[in-house]
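# Understanding the architecture of this molecule
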Amino acid sequence: MIVSRRHFLQKTLYTGLLIGSSLSVSLNVARADKNKPYHYTLTLEPADFPLIPGTTTPGLGFNGQYPVTPIKAKQGQQLTIRVINKLNQPTTVHWHGIRLPIAMDGVPFLSQKPIMPGETFVYQFTPPDAGTFWFHPHVNSVEQLGRGLVGLLIVEEADSDSFSPAQYAADIPLMLKNWHLNKDGSFKPLMKLRNAARMGTSGRHQTVNGIAKPVIEVPANGWVRLRFANVDNTLVYRLKIKDHPAYIISIDANPLDQPRPLDSYSIGVGMRVDIAIKTPQAGSEIVIETLIGKRKHQELLRLKTLDMPSTAAVSAGPPLPSKNPLSEPDLSSAEVKRFVFEWEGAITPADGEGNTTPKFWAINRIPWAGMSAGQIPEPLAELSLGKSYIFDLKNNTPHRHPIHIHGIMFKVLRSNQKKIEPFFTDTVLMEKNERVQIAFVADNPGRWMYHCHVIEHMKTGLMGYIRIS
Ligand code: C2O
Ligand code: CU
Ligand code: CU
């Protein structure tokens, strides 16, 4: 077992989103000028990360950082991000969960040309929804995400001036990632075929905001909003807060109707969950862990309460953000489309050079063939703009798959394995043999990726797209 040393998170390192407390520090992501509050520059470049004390890891970083300071945007206000590619390979940046125009979705060939080394691409869109989102390349994902190109995009509520500062004493982004590292900080293989055909290759160096088991200082006696994001390539985290009540307030950026008491919550790759806790008196510690199987658990981080001045009112229950402006699907007129996720171990087509790209997974019997400028596969479904659809999803595999659709939010209606309080989301975690029905209004025209977010699964077949026109 690797015993990781515990590090105190520097106040200035990653508390840029603490709101309404003395710890407020401004974001240090580059801004074009003061009059343009939502302009950022992200340079993708190789960088050494001090992930294991005393070593360096040859990573890839946004602005050479891990974690990159979260990008802060505001619901209903234009956001501009200039992306500069200083990698030695093509890239794009995808804004996971944001309902934006297709040209800004950051998928090579389907929505834009890849950004070549040395090139710049400007993403510009107005996020209609508030909440916790994230961003990552959509090119060579095993390596680019696996080596560190993942970041958070926090879209503040349009009414945030009256919401967050008034009601939460602190607002803390928490990026979960397990790195594939040797003890000397070098990378182990990010993908092994025998794992890609199963649950994926997991790392061994667990971090929260780049630190193993951080201790994060939070204000005592107030409501704290914890924004968990699973930016890992592979793992499902089963979050549990030990011996302290906590509430889910939002799933994948969508506030629930009612805060839901947290027992444990499984968050698959790509998913986010906002959790509210009312902190005890100063000098207390709260342990947050991930459950592994039936008996094992691992500490992810610890919160330590401090006396800090706060202007936030302390309400009896956790404050809930306002709902995002999503259209309700019309279930009575909705057309049903069926999708079966299967394991297809035998297919290993070779390309022109005789290289084989194994395909282990398929959607409706079709393993994703990959794409290039001249060759884009057919969509998995053609949808009419404005119509409501029910997707009936069946996982016919003995593995879990976080299934994600770009460009829309969908409502999870029911499952054959558990009782569902219908909720909107952009990624749904399907358990083995689970059947889930989701519904949405096809209100965003474009060709939208539809894939499992376990990176090795999407790379070996569990990917496709839908066209809305
Ligand atoms: Cu995080 Cu294709 O998405
Ligand atoms: Cu996405
Ligand atoms: Cu999968």
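Before reading further, recall that the structure is shown in the block above.
Description of the structure in this document.

Scoring rules and cut-offs
- Residues numbered from 1 in each chain as written.
- Chains lettered and ligands numbered in written order.
- Predicted model: local features only at pLDDT ≥ 70, side-chain atom pairs only at ≥ 80, totals over all residues.
- Heavy atoms only, no water.
- Phe/Tyr/Trp six-rings, centres within 6.5 Å; stacked < 30°, edge-to-face > 60°.
- Helix = DSSP H or I, 4+ residues; strand = E, 2+ residues; numbered from the N terminus.
- Buried < 20%, exposed > 50% of the residue type's maximum accessible area, 1.4 Å probe, protein only.
- Lys NZ or Arg CZ within 6 Å of the ring centre and 35° of its normal.
- Pairing = 2+ DSSP bridges.
- Axes fitted to C-alpha atoms, helices over the stretch in contact; angles between N-to-C directions.
- Donors = N, O, S within 2.8 Å, 3.2 Å for Na, K, Ca; no water.
- Core = buried A, V, L, I, M, F, W, Y, C linked by side-chain atoms within 4.5 Å.
- Contact = heavy atoms within 4.5 Å.

## Describing the packing of aromatic side chains
Throughout the structure, instances matching the rule amount to 17 aromatic pairs. With a centroid separation of 6.4 Å and an interplanar angle of 35°, the aromatic rings of Tyr 389 and Phe 440 are classed as tilted. Here Tyr 389 is found in strand 23 (residues 388-395), whereas its partner Phe 440 is found in strand 28 (residues 435-441), with 51 residues between them in sequence. Between Phe 391 and Tyr 450, the ring centres sit 5.8 Å apart and the planes meet at 35°, which makes this aromatic pair tilted. Here Tyr 450 lies in strand 29 (residues 446-452) and Phe 391 lies in strand 23, a separation of 59 residues in the sequence. Of the residues examined, Phe 391 reaches a relative accessible area of 0% and is grouped as buried. Of the aromatic side chains, those joined through ring pairs into one cluster are Phe 62, Trp 95, Phe 121, Tyr 123, Phe 125 and Phe 135. Geometry around Trp 179 places Lys 177 over its ring, the cationic atom sitting 4.6 Å from the centre.

## Side note on the sheet that holds strand 18 (residues 285-292)
Taken in spatial order, the 5 strands of this open sheet run 11-19-18-13-16, and their pairing is mixed. Strands with a single pairing partner mark the edges of an open sheet, and in this sheet they are strand 11 (215-219) and strand 16 (264-267). Pairs of neighbouring strands in the sheet enclose a mean axial angle of 30°, with direction left out of account. Pairing analysis gives 8 bridges linking strand 18 to strand 19 (residues 296-306), with the strands arranged antiparallel. Pairing of Glu 289 across the sheet is with Glu 299, part of strand 19.

## Thoughts on the coordination of the copper ion (ligand 3)
Only His 401 (ND1), Cys 452 (SG) and His 457 (ND1) from the protein reach the copper ion (ligand 3) as donors, at distances of 2.0 to 2.1 Å. Along the chain, the residues donating to the copper ion (ligand 3) fall in the pattern H-x50-C-x4-H. Separated by 51 residues along the polypeptide, His 401 in strand 24 (residues 401-405) and Cys 452 in strand 29 bring together distant segments of the chain.

## Section: the nonpolar core
Within the largest apolar cluster, 95 residues are counted, with the highest numbers of intra-cluster contacts made by Trp 95, Leu 153, Leu 226, Phe 228, Ile 275, Phe 391 and Tyr 450. For this core, the leading source of residues is strand 9 (residues 170-179), giving 4 residues. If we skip the residues at most four places from it in the chain, Trp 95 touches Leu 42, Ile 71, Ile 81, Leu 100, Met 104, Asp 105, Tyr 123, Phe 125, Trp 134, Phe 135 and Leu 153. Phe 49, Tyr 66, Leu 181 and Val 231 belong to the second-largest nonpolar core, a separate cluster that totals 26 residues.

## A word on the sheet that holds strand 2 (residues 57-62)
Pairing is mixed across the open sheet formed by 4 strands, whose spatial order is 2-1-4-6. The sheet is open, and its two borders are formed by strand 2 and strand 6 (120-125), each paired with just one other strand. On average, each strand axis in the sheet is inclined to that of its neighbour by 20°, with strand direction left out of account. As judged from the 6 bridges shared by strand 4 (residues 79-85) and strand 6, these two strands associate in the antiparallel manner. If you follow Leu 79 over to strand 6, its bridge partner there is Phe 125.

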